[in-house]
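Structural overview for review
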Amino acid sequence: MGTAGATALRQVAPARRQNGGVRDARQQVGRPFQAVGGLKWLADYAAFGLGVTTLYATTGIGFPCPFLMLTGWQCPFCGGTRLGSALLHGDIASAFAYNPVVFVSLVLGAVVGTLWIVEALGGPRVRPPARWQRATHRIRPAIWWTLAGVLTALYVVLRNLT
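Here's a quick rundown of the structure. Just so it is clear, the model here is predicted, and its values are computed rather than measured. (Residues numbered from 1 in each chain as written. Predicted model: local features only at pLDDT ≥ 70, side-chain atom pairs only at ≥ 80, totals over all residues. Heavy atoms only, no water.)

**A few points about the overall build of the chain**
The helix and strand tally for the chain stands at eight helices and zero strands. Reading the helices (α) and strands (β) of the chain from amino to carboxyl end gives α-α-α-α-α-α-α-α. Expressed as a percentage of the 162 residues in the chain, the buried residues total 15%. Across the chain, contacts joining residues at least 24 apart in sequence account for 54% of those joining residues at least 6 apart. (Helix = DSSP H or I, 4+ residues; strand = E, 2+ residues; numbered from the N terminus. Buried < 20%, exposed > 50% of the residue type's maximum accessible area, 1.4 Å probe, protein only. Contact = heavy atoms within 4.5 Å.)

Here it is, written out as structure tokens:
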């Protein structure tokens, strides 16, 4: 094999790790984040939400919530379709009242999406401070999922007490 072939092989072959191939929690998994990839996911989410909301706003047909039908309690996403319909009609106060958590997440998604569009068009790359990134990467994904589950359960209980 020539030097060009050996160089190509070294570039393709995965790097050997000193700890037997096990990733350290501090090592970044996968490729670095690309704004265009994030925009694709965000666009798919927005298109689905806009489609469901438009269907509801024009026909009154929405998705029934199985959690609500089984328990009588509103799930964390209950009111999302009505929220979208209220936004289509320009009624921001009603949209917030239907589901404040989803409303805030939509606002945050719009801000992040705007930053990603700027980055994808060649603008500055906006990321959290390095200190925050290091702190959040030290926490295992299982802990993040547990925290999300506990907060979701707390939100379900609190929104159904009133």
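**Let's talk about helix α8 (residues 141-161)**
Along its 21 residues, α8 runs 30 Å from first to last C-alpha, staying within 8% of the 30 Å computed at 1.5 Å per residue. All of the buried residues in α8 are Tyr155, Val156, Arg159 and Asn160. Buried residues of α8 fall within an arc of 110 degrees about the axis and therefore sit on the same side. Opposite the buried face of α8, by more than 90 degrees, sit the exposed residues Thr146, Val150 and Leu161. Against the buried residues of α8 lie α3 (66-71), α5 (92-98) and α6 (100-120). (Expected span 1.5 Å × (residues − 1). Arc of directions from axis to C-beta.)

**Some words on the pattern of salt bridges**
Counted by the stated rule, this structure contains one salt bridge. With a shortest N-O distance of 2.9 Å, Glu119 and Arg127 are connected by a salt bridge. (Salt bridge = Lys/Arg side-chain N within 4 Å of Asp/Glu carboxyl O.)

**Considering the state of the cysteines**
Per the stated rule, a full pass over the model turns up zero disulfides. Here Cys65 is not disulfide-linked; the sulfur of Cys78 is the nearest cysteine sulfur, at 3.5 Å. Cysteine Cys75 is unpaired, with the sulfur of Cys65 as its nearest cysteine sulfur at 3.7 Å. (Disulfide = S-S within 2.5 Å.)

**Side note on a nonpolar patch on the surface**
Taken together, Phe67, Trp73, Ile139, Ile143, Trp144, Leu147, Leu151, Leu154, Val157, Leu158 and Leu161 make up a surface patch of nonpolar side chains, about 1,000 Å² in accessible area. For the nonpolar patch, the leading source of residues is α8, giving eight residues. Within the element layout of this structure, Ile139 appears in the loop between α7 (130-137) and α8. (Patch = residues over 30% accessible without salt bridge, like charges linked within 9 Å, V, L, I, M, F, W, Y side chains within 5 Å. Areas by Shrake-Rupley, 256 points an atom, 1.4 Å probe, with all protein chains shown as cover.)

**Here's the deal with the environment of Phe67**
By the secondary structure assignment, Phe67 is in helix α3. Sequence separation of Phe67 and Cys78 is eleven residues, and the distance between their C-alpha atoms is 9.1 Å. Residues contacting Phe67, with those up to four places away along its chain left out, are Gly72, Trp73, Gln74, Cys75 and Val156.

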